[in-house]
Amino acid sequence: ADATLAASFPKNFLWGAATASYQIEGATREDGRGLSIWDAFAATPGKTYKGETGDIATNHYHLWPQDVALMTDLHLSAYRFSIAWPRILPEGRGTVNTAGLDFYERLVDALLARGIQPFATLYHWDLPLALQNEGGWLNRDTAYAFADYVEVVLKRLGDRVAAWITHNEPWCTAYLGYGVGVHAPGIC
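Once a new chain begins, its residue numbering starts again from 1 and follows that chain's sequence as written. Thresholds applied to this predicted model are a pLDDT of at least 70 for local features of residues and 80 or more for the giving and counting of side-chain atom pairs; totals over whole chains, interfaces and linings are not thresholded and use all residues. With hydrogens and water excluded, all non-hydrogen atoms of the structure serve as input to the side-chain values.

A word on the sheet that holds strand β3 (residues 117-123). For two strands to pair, DSSP has to find at least two bridges joining them. Helix and strand definitions here come from DSSP, where helices need a minimum of 4 consecutive H or I residues and strands a minimum of 2 consecutive E residues; each element is numbered from the N-terminal end. With parallel pairing, the four strands of this open sheet are ordered in space as β1-β2-β3-β4. The two strands at the open ends of the sheet, each matched to only one other strand, are β1 (16-18) and β4 (163-167). Going across the sheet, the axis of each strand differs from the next one's by a mean of 15 degrees, ignoring polarity. Of the pairings in the sheet, the one linking β3 to β4 comprises four bridges and is parallel in character. Convention adopted: a line fitted to C-alpha atoms gives each axis, helices being fitted over their contacting stretch, and angles between N-to-C directions are expressed from 0 to 180 degrees.

In structure tokens form, the structure reads like this:
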């Protein structure tokens with residue numbers, strides 16, 4: 001029955017999975033990663049369900065080879081993941097954390113080796129805390145810092161990642177993060 005259902009989709013249909021860096025990676029204080037607005041938000045009592053944080057999450061940062069193997073076993077043809085800005089530029093701008101770029105490069109190369117097309121999201125709600133301390137998305141300079149961050153990532157991965165998403169659900173960032181304050185950075 002599953003094969004019949006799959007065959008009913010167009011031949012170029014991409015079967016995939018999608019994740020968010022903060023929700024799966026863990027390793028929030030490893031290999032030079034800076035803090036994000038979600039690290040601060042989740043550490044604030046009462047902000048998340050049962051005080052949950054992304055400190056460990058599903059430990060994708062360490063278990064990514066097994067995760068890619070699972071994708072292969074599921075016969076996925078696409079994987080949409082997000083790149084943690086604070087893992088690349090811990091302060092949001094300035095010094096590049098090559099360990100962070102190395103992580104995403106290993107992931108992309110492993111996906112491609114298994115015939116899984118990488119779809120990379122550049123911003124999935126994890127603004128570096130250092131930029132939030134300067135006003136976050138309410139400060140126009142954050143947009144320029146984002147452009148610099150994107151340039152760093154594209155120089156490293158742009159030859160292998162053909163599909164890019166700039167911002168995941170910008171409404172959530174604007175309304176939930178800066179309107180009603182139920183998401184990081186919690187401003188209302």
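Resuming the write-up.
The next point concerns helix α9 (residues 170-178). Those residues of α9 not exposed but buried are Cys172, Thr173, Leu176, Gly177 and Tyr178. On an axial view of α9, the arc spanned by its buried residues comes to 160 degrees, and they lie on one face. Where α9 is buried, its residues contact β3 and α7 (129-132). Relative accessibility decides the category of a residue: with a 1.4 Å probe and only protein chains considered, values under 20% of the type maximum give buried, values over 50% give exposed, and everything between is partly exposed. The arc refers to the directions leading from the helix axis to the C-beta atoms. Contacts were defined at the residue level, with two residues in contact if any of their heavy atoms lie within 4.5 Å.

Our focus in this paragraph is the packing of aromatic side chains. Only the six-membered ring of Trp is used, alongside the rings of Phe and Tyr, when aromatic pairs are assigned; centres must lie within 6.5 Å, and planes under 30 degrees apart are stacked while those over 60 apart are edge-to-face, with the rest tilted. Considering all chains together, one arrives at 17 aromatic pairs under this definition. A centroid spacing of 6.1 Å and a plane angle of 65 degrees characterise the contact between Trp137 and Phe146, whose relative ring orientation is edge-to-face. On the basis of an interplanar angle of 20 degrees and a centroid distance of 5.0 Å, the ring pair of Trp171 and Tyr175 is categorised as stacked. With Trp171 and Tyr175 both in helix α9 and four residues apart, this pair spans about one turn of that helix. We classify Tyr175 as partly exposed; its relative accessible area is 40%. Aromatic ring contacts, followed pair by pair, group Tyr61, Tyr79, Phe81, Phe103 and Tyr104 into a single cluster. Any Lys NZ or Arg CZ that is within 6 Å of a ring centre and within 35 degrees of that ring's normal is treated as a charge sitting over the ring. Just above the ring of Tyr144 sits the side chain of Arg140; from NZ or CZ to the centre is 5.5 Å.

With an omega of 10 degrees, the peptide bond between Ala184 and Pro185 qualifies as cis. With respect to the helices and strands, the residue Pro185 is situated in the segment after α9. Its identity as a non-glycine residue notwithstanding, Asn59 has a phi of 60 degrees, on the positive side. In this structure, Asn59 sits in the loop between α3 (37-42) and α4 (60-73).

The subject of this paragraph is a nonpolar patch on the surface. Residues enter a patch when their relative accessible area is above 30% and they make no salt bridge; the linking distance is 9 Å between like charges and 5 Å between nonpolar side chains (Val, Leu, Ile, Met, Phe, Trp, Tyr). Each accessible area is a Shrake-Rupley estimate made with a 1.4 Å probe; only the visible protein chains count as cover when residues are assessed. Within this document, salt bridges are pairs made up of a side-chain nitrogen of Lys or Arg and a carboxyl oxygen of Asp or Glu, the two lying within 4 Å of each other. On the surface, Trp171, Tyr175, Val180 and Val182 cluster together into a nonpolar patch covering about 400 Å² of accessible area. Tracing the backbone shows Val182 in the segment after α9.

Moving on, we come to the pattern of salt bridges. Should the charged atoms of two oppositely charged side chains come close, the side chains can pair. Applying the stated criterion to the full structure yields ten salt bridges. Of the charged contacts, one joins Arg160 and Glu105 as a salt bridge, the two residues approaching to 3.0 Å between their closest N and O atoms. One end of the pair, Arg160, is in the loop between α8 (141-157) and β4; the other, Glu105, is in helix α6 (residues 98-113), with 55 residues separating them in the sequence. A salt bridge links Glu151 to Lys155; the shortest N-O distance between them is 3.4 Å. Taken together, the positions of Glu151 and Lys155, both in helix α8 and four residues apart, correspond to about one turn of that helix.

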